[in-house]
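The lines below spell out each chain.
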Amino acid sequence: MATIKHGIIGTGGMAHAHARSFQAIRGITLHGCFDVAPGRAEAFAEKNGVKHVMPGVDDLLDACDSVSVVTPDAFHAELSLKVLKAGNHLLCEKPLTTNLADAKKVARAFQKAADQHGTVGMVNFSYRDSAAFQKAMQIAASGKLGAIRHATGKYLQAWLSCNVWGKSISEGWLWRQQVPPGGGKAAGGTLGDIGCHILDFTTGVAGDVKALRCTTRNFPKVNPDTGQTMTSYNGKKLDANDSVLIELDFADGALGTVETTRWATGHANQVALGVYGTEGALEIDLERSYTQLRTCLGKKRHQCEWDEIDCKPTPNNYARFVKSIKTGHNDQADIVRGAQVQAYLDACERSAEDGGKRVTIKKWV
Ligand SMILES: NC(=O)c1ccc[n+]([C@@H]2O[C@H](COP(=O)([O-])OP(=O)(O)OC[C@H]3O[C@@H](n4cnc5c(N)ncnc54)[C@H](O)[C@@H]3O)[C@@H](O)[C@H]2O)c1
């Protein structure tokens, strides 16, 4: 197969991870990039050895075989539809879109392109790169946990109370702190940004959810220069949710919770999961290790005795994307999975807007 020509749309922070990761993979080359901010794509191309800065999205689609969409969330739907319509393979950043209606459109376009042209489409749920997560999915699927009764997922960040990633209030962070255009009142924010990761992580191991309850909260921010509280920045409201609690009702009858916040002082970026069944349990804490998980299985469960398991390294999403293009077998997490996670986010928004009422998950089709 000829070298895959890859293009990147949106050349901000996360695009550098895409560039670095694809550079490390044989059989794909960074052919083009595009950004709406003047000069940004040029600097990105220079730094990352991208061959061409493209004058527009259409030019990039014409010149490339595959594309990363790495813009703010609100542009994912429109750009992903363009990518799929043009016949390019798609690696879209998470969350797939900012609302379920758009996610359905993208998923349908993906299925059509996949059926007709073998187009590959994936969503970059990065924590699937951890060997511990891949092993946990295998253990749960093997039945070793017995019937799953309970699951707890948490994703904790601290950037609103700690300067671990620089100043929390600035133009660069702004789109993450505002309700995105096209989303409901509880859309975007922590729920859309990292809630999508932990919902994928938790349900990827513990199984599908049929209903949920959700509460979101927005707190006044702290001006990093003056220490004073603020609710807007340069005239723009900081109205997106910061903290989220979700109660999960799994399709197989188990119960669970997901919690996520940007106010977890002391935890720059912690993703953790516990899944508990009638015959065993597993726990992951990515702050501790990406390649180890703990299990309490078989007879050992009667003594509550845990084993540390070293997990076989797993290829990252970028490598699995390239392999998918080469083999024609679309790996996880495909665009349909992205739409499924969007259905969970949609249910969270509906519940949060209705005072935490129990809502059922709408099917993504
Ligand atoms: N998978 C992960 O773990 C992970 C981590 C961080 C960010 N992300 C996702 O990556 C995406 C980008 O996040 P980021 O932190 O890089 O944001 P960012 O603000 O640093 O960069 C976004 C870039 O997109 C450009 N842009 C905006 N609209 C555009 C358009 N219509 N066409 C082309 N370029 C456009 C902006 O000018 C900017 O350069 C988001 O969807 C975010 O959720 C994913």
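Rules behind the numbers
Residues numbered from 1 in each chain as written. Predicted model: local features only at pLDDT ≥ 70, side-chain atom pairs only at ≥ 80, totals over all residues. Heavy atoms only, no water. Near = heavy atom within 4 Å. Polar contact = N/O pair within 3.5 Å; in protein donor to acceptor, adjacent residues only side chain to side chain. Areas by Shrake-Rupley, 256 points an atom, 1.4 Å probe, with all protein chains shown as cover. Helix = DSSP H or I, 4+ residues; strand = E, 2+ residues; numbered from the N terminus. Phe/Tyr/Trp six-rings, centres within 6.5 Å; stacked < 30°, edge-to-face > 60°. Buried < 20%, exposed > 50% of the residue type's maximum accessible area, 1.4 Å probe, protein only. Lys NZ or Arg CZ within 6 Å of the ring centre and 35° of its normal. Domains from an automatic or database assignment. Buried area = accessible area lost by both parts, 1.4 Å probe. Salt bridge = Lys/Arg side-chain N within 4 Å of Asp/Glu carboxyl O. Axes fitted to C-alpha atoms, helices over the stretch in contact; angles between N-to-C directions. Parallel < 35°, antiparallel > 145°, perpendicular 65-115°, else oblique. Left-handed = near helix turned anticlockwise from the far one by under 90°. Contact = heavy atoms within 4.5 Å. Nonpolar A, V, L, I, M, F, W, Y, C, P; charged D, E, K, R; others polar. Pairing = 2+ DSSP bridges. Disulfide = S-S within 2.5 Å.

## Remarks on the site of the ligand
Now for step 1: By nearness alone, 25 residues border the ligand, and Met14, Asp35, Arg40, Asp73 and Ser126 come closest of all.
Now for step 2: Here an oxygen atom of the ligand sits 3.5 Å away from a polar atom, N or O, in the main chain of Gly12.
Now for step 3: Trp175 places a side-chain nitrogen or oxygen 2.9 Å from an oxygen atom of the ligand.
Now for step 4: Burial of the ligand by the protein chains amounts to 85% of its free accessible area of 850 Å².
Now for step 5: For the shell around the ligand, the secondary structure elements donating two or more residues are helix H1 (13-23) and helix H8 (189-206).

## So, the packing of aromatic side chains
Now for step 1: One pass over the full model with this rule turns up 7 aromatic pairs.
Now for step 2: Summarising the aromatic geometry, the rings of Phe22 and Tyr318 are spaced 5.3 Å apart at their centres and angled 85° between planes, so their arrangement reads as edge-to-face. Taken as a pair, Phe22 in helix H1 and Tyr318 in helix H9 (residues 317-327) lie far apart in primary sequence, 296 residues in all.
Now for step 3: Residue class for Tyr318 comes out buried when judged on its relative accessible area of 4%.
Now for step 4: Aromatic side chains Phe219 and Trp263 sit 6.0 Å apart centroid to centroid with 80° between the ring planes, which places their arrangement in the edge-to-face category. Taken together, the residues span a long stretch of sequence, with Phe219 in the loop between strand E8 (209-217) and strand E9 (221-222) and Trp263 in the loop between strand E14 (255-261) and strand E15 (269-277) at a distance of 44 residues.
Now for step 5: For Trp263, a relative accessible area of 22% corresponds to the partly exposed category.
Now for step 6: Each member of the aromatic cluster is reached from another via a ring pair, and the members are Phe22, Tyr318 and Phe321.
Now for step 7: The ring of Trp306 has Arg294 lying over it, and the distance from NZ or CZ to the ring centre is 4.2 Å.

## Focus: the domain arrangement of the chain
Now for step 1: According to the domain assignment, the chain consists of domain 1 (4-126) and domain 2 (130-314 + 333-360).
Now for step 2: Spacing between the C-alpha centres of domain 1 and domain 2 amounts to 25 Å.
Now for step 3: Buried surface at the junction of domain 1 and domain 2, summed over both partners, amounts to about 1,900 Å²; 69% is from carbon and sulfur atoms.
Now for step 4: At the boundary of domain 1 with domain 2, the tally comes to 1 salt bridge.
Now for step 5: Its salt-bridge partner being Lys94, residue Asp193 comes within 2.8 Å of it at the nearest N-O pair.
Now for step 6: When contributions to the side of domain 1 that touches domain 2 are tallied by element, the ones reaching two or more residues are helix H5 (100-117) and strand E6 (121-124).
Now for step 7: Broken down by element, the side of domain 1 that touches domain 2 gets its largest block of residues, 6 residues, from H5.

## Details of the pattern of salt bridges
Now for step 1: Applying the stated criterion to the full structure yields 18 salt bridges.
Now for step 2: Between Asp200 and Arg128 there is a salt bridge, with the nearest N and O atoms lying 2.8 Å from each other. Pair noted here: Asp200 is in helix H8 and Arg128 is in the loop between E6 and helix H6 (131-142), with a separation of 72 residues, a long-range link.
Now for step 3: Residue Asp200 is classed as buried on the basis of its relative accessible area, which comes to 1%.
Now for step 4: A residue is classified by how much of its surface remains accessible, and Arg128, at 5% relative accessible area, is buried.

## Structural notes on the packing of H5 against helix H10 (residues 335-353)
Now for step 1: With their axes 9 Å apart at the nearest point, H5 and H10 run at an angle of 165° to one another. Regarding the angle of H5 to H10, the classification is roughly antiparallel. Read as a crossing pair, H5 and H10 show a hand that is left-handed. Of H10, the residues touching H5 (which contributes Leu100, Ala103, Val106, Ala107, Phe110 and Gln111) are Ile335, Val336, Ala339, Gln342, Ala343 and Asp346.
Now for step 2: Taken together, the residues of the contact of H5 with H10 break down into 9 nonpolar, 2 polar and 1 charged.

## Things to note about the sheet that holds strand E1 (residues 4-9)
Now for step 1: If you trace the 6 strands from one edge of the open sheet to the other, you get E3-E2-E1-E4-E5-E6, paired in parallel fashion. Pairing within the sheet leaves two strands with one partner each, and these edge strands are strand E3 (52-53) and E6.
Now for step 2: With 2 bridges joining them, strand E2 (residues 28-34) and E3 adopt parallel strand pairing. Each residue of the ladder has a partner; that of Cys33, found in E3, is Val53.
Now for step 3: Contacts from helix H2 (residues 40-48) reach E1, E2 and E3, with the element oriented near 160° to E2.

## Considering the state of the cysteines
Now for step 1: Considering all chains together, one arrives at 0 disulfides under this definition.
Now for step 2: Here Cys196 is not disulfide-linked; the sulfur of Cys92 is the nearest cysteine sulfur, at 10 Å.
Now for step 3: Residue Cys196 is classed as buried on the basis of its relative accessible area of 0%.
Now for step 4: The closest cysteine sulfur to the non-disulfide-bonded Cys304 is located on Cys296, 5.7 Å from its own sulfur.

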